[in-house]
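Chain by chain, the residues:
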Amino acid sequence: MTGSVNYPLISVVIPSFNQGQYIEETLLSVIGQQYPNLEILVIDGGSTDNTVEILEKYSSQISYWHSKKDKGQADAINQGINLSSGDIVCWLNSDDMYLPGTLLDIGKRFLGRTDKSHLIYGSAVTINQSKEKLFSDAQTAAPFEEFKLTYADFIVQPSAFWTRKLWQYTGELDIKYNYVLDWEWFIRASKIAEFEYIHKFYSIYRYHPLHKTSNGGLKRREEILDVVSRYSSKYWERLYQEIHISYNIIKKKYDFLNTLKIPKKSFILSFLLPRIMSSVKSQQDFYTVLCMYGL
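Participant: What should I look at first to understand the packing of helix α7 (residues 217-231) against helix α8 (residues 234-245) in this one?
Facilitator: In helix packing, the relevant descriptors are the interaxial angle and the interaxial distance, both defined with respect to the helix axes. The geometry of α7 relative to α8 is characterised by a closest axis approach of 9 Å and an angle of 165 degrees between their N-to-C directions. The orientation of α7 with respect to α8, classified from their angle, is roughly antiparallel. For the pair α7 and α8, the sense of crossing is left-handed. From α7, Leu218, Arg221, Glu222, Ile224, Leu225, Val228 and Ser229 reach across to α8, where they touch Trp236, Glu237, Tyr240, Gln241 and His244. Partitioned by chemical class, the residues of the contact of α7 with α8 number 6 nonpolar, 3 polar and 3 charged.

Encoded structure:
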C-alpha cells in the first residue's frame, strides 16, 4: 500500500551518551516503524558503557553513526541534522521511543508540504520505570499559542517533526543550553513557521533515575529564567525571578504538604506565599511557573 506513495524522507537523529540500557529499545521503536523512506543517524558522545556494542549490532539498519566526544546534547543534535538529508527532520533522545505508526502518520501529513517552513507536534505517553516503581501518565501538548510558548514549554519534543527548510531558516540549537535547548529553538522557529498541533500521541517519554531533565536542579532553573528573560514579557520575567529566588523555601513548603498527603498542594501553597501572590495576575500563572520549575 505504501509503495505506491512517494513519502518524504524522514531523518531521525538520536543523540546518545551512556544510555546503553535504553538505546536498543529506542532504535527498535524507530526501525519497527517500517516507514518506507527513513534515515537514522546516531550521534554518540563517546559512551563508555555497552552503547557502541548495540550500535554495531544494528549498524546495517542505521544510516550513519559515530561515537566520539562532543560538546553536549545540542552539539550532537546539530551534527546529526546537518549530516542528514531528509525532507523532514527530528530527534529522538536515546531513552525515548516512538509509538507504532508515528512516522507513517507524519509522512502522510507532510506530503506536498516539505517546501514550507512547517512544524507538526503531538503528545506523548510518559513512563517511569525503575526497580522500585512502575507507572505511566501522559504529557499532553496544547494547541499552539505563540506568546504562551515564550513562558511555558508545551511542545513535547519527541513528538515534534519539522521541515528541513525550517531548520535552515531558524538555525542550529544553541549549544550553551543543556536543559532547554529544544524549547529555545521552538521559540525561534515559531517566529517564522506555522506550528500545527495534532490531537494524537506520537511518542513515549521516559523518566528514570538518570533522566537529565529530572536532575537539572539549579542549572535547569537558571536556563529557564534565561529563556523567559530573552523572549517573554517583563511580567513573566519578574514572576519567574521571584519564584527562582524563593525556590528552596517554596520547595520545603511543598514537600511538607506532600508528607501530609494533602490534595491540591499547589492551590494551598499559593496561600502560604502572599508576597509572591500579590503580584500574580492569576493562580494559573503561579502554577505554570511551579510546573516549569519541576514542582
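Participant: Sorry, what's going on with the packing of α8 against helix α12 (residues 283-292) here?
Facilitator: Orientation of α8 relative to α12, taken along the N-to-C sense of each, is 60 degrees, at an axis distance of 10 Å. In this view, α8 runs oblique relative to α12, as classed from their interaxial angle. By crossing handedness, the relation of α8 to α12 is classed as right-handed. When α8 is examined against α12, the residues Tyr235, Trp236, Leu239, Tyr240 and Ile243 are found in contact with a partner set consisting of Asp285, Phe286, Thr288, Val289, Leu290 and Met292. Residue classes in the contact of α8 with α12 are distributed as 9 nonpolar, 1 polar and 1 charged.

Participant: Honestly, the side chain of histidine 66 in this entry has me stumped. Any pointers?
Facilitator: Mapped onto the secondary structure, histidine 66 falls in strand β3 (residues 64-67). Exposure remark for histidine 66: the relative accessible area of 9% places this residue in the buried category. The contacts of histidine 66, once residues within four sequence positions are left out, are Val42, Ile43, Asp44 and Gln79.

Participant: Can you walk me through the environment of phenylalanine 186 in this structure?
Facilitator: Locating phenylalanine 186 in the fold gives a position in helix α6 (residues 181-190). As a C-alpha pair, phenylalanine 186 and isoleucine 14 span 172 residues in sequence and 18 Å in three-dimensional space. In this structure, phenylalanine 186 is in contact with Leu119, Leu149, Ile155, Gln157, Ala160, Trp162 and Phe195, ignoring residues within four places of it in sequence.

Participant: Is there a simple way to think about α12 in this case?
Facilitator: The periodicity of an α-helix, 3.6 residues per turn, causes residues three or four positions apart to be oriented the same way. Turning to α12, its buried residues number three or more, namely Asp285, Phe286, Thr288, Val289, Leu290 and Met292. Along its buried surface, α12 packs onto α6, α7, α8, α9 (247-259), α10 (265-271) and α11 (274-277). Downstream of α12 by a residue or two, glycine 294 has a phi angle that is positive, lying close to 90 degrees.

Participant: Teacher, can you tell me more about the pairing of strand β4 (residues 88-91) here?
Facilitator: One face of the sheet, then the other: side chains in a regular strand alternate in exactly this way. Across the two faces of β4 the burial is the same, with Ile88 and Cys90 and Val89 and Trp91 all buried. Two elements, strand β1 (residues 10-16) and β4, share 4 bridges in a ladder whose sense is parallel. Counted as the bridge partner of isoleucine 10 is isoleucine 88 from β4. Bridging between β4 and strand β8 (residues 160-163) involves 2 bridges; their strand directions are antiparallel. Bridged to valine 89 within β8 is tryptophan 162.

Conventions adopted
- Residues numbered from 1 in each chain as written.
- Predicted model: local features only at pLDDT ≥ 70, side-chain atom pairs only at ≥ 80, totals over all residues.
- Heavy atoms only, no water.
- Axes fitted to C-alpha atoms, helices over the stretch in contact; angles between N-to-C directions.
- Helix = DSSP H or I, 4+ residues; strand = E, 2+ residues; numbered from the N terminus.
- Parallel < 35°, antiparallel > 145°, perpendicular 65-115°, else oblique.
- Left-handed = near helix turned anticlockwise from the far one by under 90°.
- Contact = heavy atoms within 4.5 Å.
- Nonpolar A, V, L, I, M, F, W, Y, C, P; charged D, E, K, R; others polar.
- Buried < 20%, exposed > 50% of the residue type's maximum accessible area, 1.4 Å probe, protein only.
- Pairing = 2+ DSSP bridges.

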